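As a plain string of letters, each chain reads:
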Amino acid sequence: MTDTKRGITAEDLYQICYPSEPQLSPDGTKAVFVETKMDELRQYQSHIYLYSLEDNSKTALTSGPFRDSFPRWSPDGSKLCFVSNRSGKAQLWHLDVNETEFKQITNGPNGISSPVWSPDGRSIAFAAFLRTGQTLTEGTEELTEEATPKSITVDKMKYKSDDSGFVYEKNKQVAVVNIETGSVTQLTEGTYDHAVGSWSPDGKWLAITANRSVNPDIQHEIDIYLVPVEGGEWKKITNSDGTYAMPTFSKDGKKLAFIGSVADQHLYATMKKIWVAELDAGTVQCLTADWDVHVGDATIGDVRSPGHPNPGAVWTTDGQGMYVIASEKGSSGIYLVHLDGSVTKVVGGERNVYGFTFDNEKNSLVMAVSDSLTPGDLFHVDLNTETEKRLTDVNGELFQEIRLSTPEEIWYEGAEGWNIQGWILKPVGFQEGNTYPAILQIHGGPHSMYGHTFFHEFQLLAAQGYVVVYTNPRGSYGYGERFVQACCGDYGGNDYKDLMHAVDYVCQFDYVDETRLGVAGGSYGGFMTNWIIGQGNRFKAAVTDRSICNWISFYGVSDIGYYFSAEEIQANPFENPEKMWHHSPLRLVANMETPLLIMHGERDYRCPIEQAEQLYMTLRHRGKAPVSFIRFPGANHEMSRSGDPEQRVLRLQYTVDWFNQYV
Ligand SMILES: CSCC[C@H](NC=O)C(=O)N[C@@H](C)C(=O)N[C@@H](CO)C(=O)O
């Protein structure tokens, strides 16, 4: 039979869509969700859809060239609110389920996010960025952001963020809007960032998070607070000893569950745990202290933008536990954490659960799931019968014409005999007896996890005839706390060896042509790519994206530089510049002879473009290896995942062209 299917292309990105944020209605008969896709102008659109679990119909509730998100049911299920940029900035909108008209509720000067309904359905709490002195005034007063100032006085260290740009004068504040009158009450103020958590069941308290330390530049702790909605004294729940997030009240209002980690020497290289506060007793306890698994979705992909609102800890009705997403060995699933600390896997499998909504009455859920061959779809799970039903197939038509490669999982011996997990993607159209070039892909973070999720770039390389190898070296999530922390202070040491052992492992297969190897990675993965080509000429070509090459300059220019390198490199430029330099690939340029493609976003504040500029200039000056430098105007660190669609496609094309030319 002739295979009429084709390999995936870079431009297929324009067709790929995905659902997210499923939210079951209070009666459990329907779910709303967000579907994100690109329009004919190659701009993102996201719309709110309604899925009826009774007749399996799917209806678009919103449309047009807008980004709609955060759909949330009112407690009685008669209304929906959502966030939309349809009037310019992201504002809160409101929709009566039986009507088609939307009503704008907020008019925050810099947009709003994260709406949460009050239990009586009269108000909605939300978060908004506000400049010092700026307020969320009542009603619909027209407020516009001032023009770019002629000068900027920087008087704090956390003054820019890759995500939000220059935040020198803005802070995230929590407010409550009455949906009938539109009156807004701002609950927080000052030069601190706050985030909305949940309402107490009696509607009197709002659980929020904030870093209100004396010096938030240096003290990174985030605390949980209870704020009385009608005014009065706040209650501080945690003790400024860690970073805590997403507090949710138990149904009886007596407990608060949240996700976080204690701040010891590690801020990032620490797995998130589940915590519970007993509000009357004033105690806080870590429920999962002995569970060596990261709470949250650590999976890294390149189709969905990271940081989709995650349900956090979802209490069971009997208050005896909570459902969470957690990440293990390349998969993320749903787990039930009991109050006694025991944990039951509720939804497993080789896949990436990136969102869910639970129906306690029916003991069922709707989840958003990706796997190696699916960018994302919604599934209904009935936990009584342990049956699953696929609700959407949003890329079904497109993927009918595409031949994808199915990854094969590998476990191999890394440095010090450690067991390392990885995957091999054989070329599309693979034929026994043939040999193929291979590309090693390295993820960033370094505290993230490759896994059972869709990766367009890998499929594209497989379609171009490459074997793609991707593994989780030490530093990755998914294999316990010791594994996550094992790269700290040793960048380019055993993490590098774990990756080289992966290359040795795949080169033992007859189908891999070990004379035709390439290497690619982004961010920390770009650091490692630079490091690898500084070690010798094993690879024929390399692609380094949003990379780090010099920890000394990174310290002062990255939004996280001054504390990220303290933990990850375990050095700073004023006490131990030698160590900073020792771990900097720029130190190794004299050895670099591998043809290198450098790609970087010009507005990347995480790994600023000066990193790419230094590497490019030094390599050009030496003139030993072909080097090409592609700058992406306006792009930030997230460009390859959620940036301008045309830039994303260009980036993929440059990558393929570079490997096709040199490998
Ligand atoms: C504020 S998040 C903490 C820093 C984060 N590290 C996570 O482990 C990070 O941004 N690190 C970059 C250097 C990096 O490697 N980023 C990765 C993962 O987001 C990337 O692919 O860009």
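Basis of the calculations
- Residues numbered from 1 in each chain as written.
- Predicted model: local features only at pLDDT ≥ 70, side-chain atom pairs only at ≥ 80, totals over all residues.
- Helix = DSSP H or I, 4+ residues; strand = E, 2+ residues; numbered from the N terminus.
- Rg over C-alpha atoms; globule rule 2.2 N^0.38 Å.
- Buried ≥ 20, exposed ≤ 12 C-beta atoms within 10 Å, placed from the backbone.
- Contact = placed C-beta atoms within 7 Å.
- Pairing = 2+ DSSP bridges.
- Axes fitted to C-alpha atoms, helices over the stretch in contact; angles between N-to-C directions.
- Near = placed C-beta within 6 Å.
- Nonpolar A, V, L, I, M, F, W, Y, C, P; charged D, E, K, R; others polar.
- Expected span 1.5 Å × (residues − 1).
- UniProt positions renumbered as here; feature names shortened; annotations may be inferred.
- Left-handed = near helix turned anticlockwise from the far one by under 90°.
- Arc of directions from axis to C-beta.
- pLDDT = per-residue confidence, 0-100.
- Core = buried A, V, L, I, M, F, W, Y, C linked by C-beta atoms within 7 Å.

A. Broad picture of the overall build of the chain. Broken down by element type, the chain carries eleven helices and 39 strands. Computed over its C-alpha atoms, the radius of gyration of the chain comes to 25 Å, within 12% of the 26 Å expected for a compact globule of 663 residues. Along the first, second and third principal axes, the C-alpha set of the chain runs to 70 × 65 × 50 Å. The buried share of the chain, reckoned over its 663 residues, is 50%. In the chain, the share of contacts with a sequence separation of at least 24, taken over all contacts with a separation of at least 6, comes to 56%.

B. Summary view of the sheet that holds strand β5 (residues 68–73). Read across the sheet, four strands follow the order β5-β6-β7-β8 without closing on themselves; strand pairing throughout is antiparallel. Sheet topology places β5 and β8 (102–104) at the edges, where each strand pairs with a single neighbour. Taken over all neighbouring pairs, the strand axes of this sheet differ in orientation by 25° on average, direction set aside. As paired elements, strand β7 (residues 91–96) and β8 share three bridges and run antiparallel to each other. Bridging across to β8, His94 finds its partner in Lys103.

C. Here's a closer look at the site of the ligand. As a matter of local geometry, the ligand sits amid 15 residues, with Gly444, Gly445, His447, Ser523 and Tyr524 nearest to it. Here the shell around the ligand is composed, by residue class, of six nonpolar, seven polar and two charged.

D. Layout of unusual backbone geometry. Following Gly445, the chain continues to Pro446 via a peptide bond in cis, the omega torsion being 0°. Tracing the backbone shows Pro446 in the loop between β34 (436–442) and α2 (456–463). Of note in the backbone geometry, Ser114 takes a positive phi value of approximately 55° without being a glycine. Within the element layout of this structure, Ser114 appears in strand β9 (residues 112–117).

E. Structural context of helix α9 (residues 610–622). Taking 1.5 Å as the rise per residue, α9 with 13 residues should run 18 Å; its terminal C-alpha atoms sit 18 Å apart, in good agreement. Here the buried face of α9 lies against α5 (524–533), α6 (551–557), β38 (596–601) and β39 (627–632). Count one or two residues on from α9 and you reach Gly623, which has phi positive near 65°.

F. Local environment of the pairing of strand β17 (residues 223–228). Among the six residues of β17, five are classified as buried, and the element is accordingly described as predominantly covered. Direction of pairing for strand β16 (residues 205–210) relative to β17: antiparallel, over a ladder of six bridges. Directly across from Trp205, in β17, lies its bridge partner Pro228. Two elements, β17 and strand β18 (residues 235–236), share two bridges in a ladder whose sense is antiparallel. Within the sheet, the bridge partner assigned to Leu226 lies in β18 and is Lys235. Connecting the antiparallel pair β17 and β18 is a turn made up of six residues, with Gly231 showing a positive phi of about 100°.

G. Region of interest: the UniProt feature "domain: Peptidase S9 prolyl oligopeptidase catalytic" (unreviewed entry) in the chain. According to UniProt, the feature "domain: Peptidase S9 prolyl oligopeptidase catalytic" (unreviewed entry) maps to residues 453–662 in the numbering used here. Secondary structure over residues 453–662 splits into 44% helix and 16% strand, and the C-alpha atoms at its two ends are 29 Å apart.

H. Representation of the environment of Pro65 in the model. Counting through the fold element by element, Pro65 comes out in the loop between β4 (58–60) and β5. Residue classification places Pro65 among the exposed residues on the basis of 11 C-beta atoms within 10 Å. Separated by 492 residues in the primary sequence, Pro65 and Val557 have C-alpha atoms spaced 35 Å apart. Those residues in contact with Pro65, other than ones at most four positions away along the chain, are Asp39, Gln43 and Gln45.

I. Spotlight on the sheet that holds strand β21 (residues 273–278). If you walk across this open sheet you meet the four strands as β19-β20-β21-β22, and the pairing is antiparallel. The open sheet has two edge strands with one neighbour each: β19 (242–249) and β22 (283–286). Neighbour-to-neighbour, the strand axes of this sheet turn through a mean angle of 30°, independent of strand direction. Pairing between β19 and strand β20 (residues 255–262): six bridges, direction antiparallel. From the neighbouring strand, Thr243 faces β20, where its bridge partner is Ser261.

J. Molecular detail of the packing of α2 against helix α11 (residues 645–662). Following both chains from N to C, one finds α2 and α11 inclined at 35°, their axes separated by 11 Å at the closest point. The interaxial crossing formed by α2 with α11 has right-handed handedness. On the side of α2, the interface is formed by Glu457, Leu460 and Leu461, while α11 contributes Leu652, Thr655 and Val656. Residues that form the contact of α2 with α11 fall into these classes: four nonpolar, one polar and one charged.

K. Just α11, in detail. Spanning 18 residues, α11 covers 26 Å between terminal C-alpha atoms, matching the ideal 26 Å at 1.5 Å per step. Within α11, the full set of buried residues consists of Arg648, Arg651, Leu652, Thr655, Trp658 and Phe659. All buried residues of α11 fall inside an arc of 130° around its axis, so they share one side. Buried residues along α11 sit in contact with β34, α2, β36 (512–522), β37 (541–545), β38 and α10 (639–642).

L. Focus on the confidence of the model for the chain. Scored by pLDDT, the chain has a mean of 94; 97% of the residues are at 70 or more. Scored below 50 in pLDDT, residues 138–143 makes nine contacts in the model with residues more than four places away or belonging to other chains. Across the assembled chains, the prediction reports ipTM 0.96 with pTM 0.96.

M. Looking closely at the nonpolar core. Of all hydrophobic cores here, the largest spans 89 residues; its most connected members are Ile439, Val467, Val468 and Val469. Of all the elements, α5 adds the most residues to this core, at six residues. The contacts of Ile439, once residues within four sequence positions are left out, are Leu461, Tyr466, Val468, Gly518, Val519, Ala520 and Phe659. With 85 residues, the next largest nonpolar core counts Ala127, Trp205, Ala326 and Tyr354 among its residues.

N. View of the pairing of β16. With six of its six residues buried, β16 lies for the most part within the structure. Neither face of β16 is left uncovered, since the one carrying Trp205, Ala207 and Thr209 and the one carrying Leu206, Ile208 and Ala210 both have all their residues buried. Sheet topology note: the strand β15 (residues 194–199)/β16 ladder contains five bridges and is antiparallel. Note on β16: the bridge partner recorded for His194 is Ala210. The hairpin turn running from β15 into β16, its antiparallel successor, is five residues long, and Gly203 in that turn takes a positive phi close to 75°.

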